[in-house]
Amino acid sequence: EEGDFRLTKGEVKTFESKSDAGRDKLGAFCPECGTRIYHKPEYRKGFVSVKPGTLDDTATLTPDIHIWTASRQPWITIPKDVEAHEKSPS
């Protein structure tokens, strides 16, 4: 949830774009290297989608949803009991 998220270092730049479904989203990225840090999709108000590769420690993370599975790497195995979508969920 957005209230549970805080950036601990640095500043981000933001941009607005539309998803493939035509919904608005706000993206935040590092102004130094361009790495996307998070985005806030309009359809999920109050939530922040953090890019896990930007975190210092990901050992405690367990995905509860997989999106864009149509373009996943062939070595990625998605558990059968986890929500998954070939594209962005509607």
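Given the structure is predicted, the values throughout are model-derived calculations rather than measurements.

Caption draft 1: Focus on the sheet that holds strand E1 (residues 13–18). Pairing is antiparallel across the open sheet formed by 4 strands, whose spatial order is E1-E2-E3-E4. Edge strands, defined here as strands with exactly one partner in the open sheet, are E1 and strand E4 (49–50). In this structure, strand E3 (residues 36–41) lies alongside E4, joined through 2 bridges in antiparallel fashion. Paired with His39 across the strands is Ser49, a residue of E4.

Caption draft 2: Representation of the packing of aromatic side chains within the structure. A complete count under the given rule lists 2 aromatic pairs for this structure. Ring plane angle 65° and centroid distance 5.1 Å describe the contact between Phe5 and Tyr38, whose orientation is recorded as edge-to-face. Linking Phe5 in the segment before E1 with Tyr38 in strand E3, this pair joins segments that are 33 residues apart in sequence. A residue is classified by how much of its surface remains accessible, and Phe5, at 27% relative accessible area, is partly exposed. Taking relative accessible area as the criterion, Tyr38 reaches 9% and is therefore assigned buried. For the ring pair Phe15 and Phe29, a centre distance of 6.0 Å and an interplane angle of 50° mean the geometry is tilted. Here Phe15, found in strand E1, pairs with Phe29, found in strand E2 (residues 24–29); they are 14 residues apart in sequence, far enough to count as distant. The class for Phe29 is partly exposed, based on a relative accessible area of 23%. It is Arg23 that lies over the ring of Tyr43; its NZ or CZ is 4.1 Å from the centre. A cation sits over an aromatic face here: Arg44 above Phe47, 4.6 Å from the ring centre.

Criteria and thresholds
- Residues numbered from 1 in each chain as written.
- Predicted model: local features only at pLDDT ≥ 70, side-chain atom pairs only at ≥ 80, totals over all residues.
- Heavy atoms only, no water.
- Pairing = 2+ DSSP bridges.
- Helix = DSSP H or I, 4+ residues; strand = E, 2+ residues; numbered from the N terminus.
- Phe/Tyr/Trp six-rings, centres within 6.5 Å; stacked < 30°, edge-to-face > 60°.
- Buried < 20%, exposed > 50% of the residue type's maximum accessible area, 1.4 Å probe, protein only.
- Lys NZ or Arg CZ within 6 Å of the ring centre and 35° of its normal.

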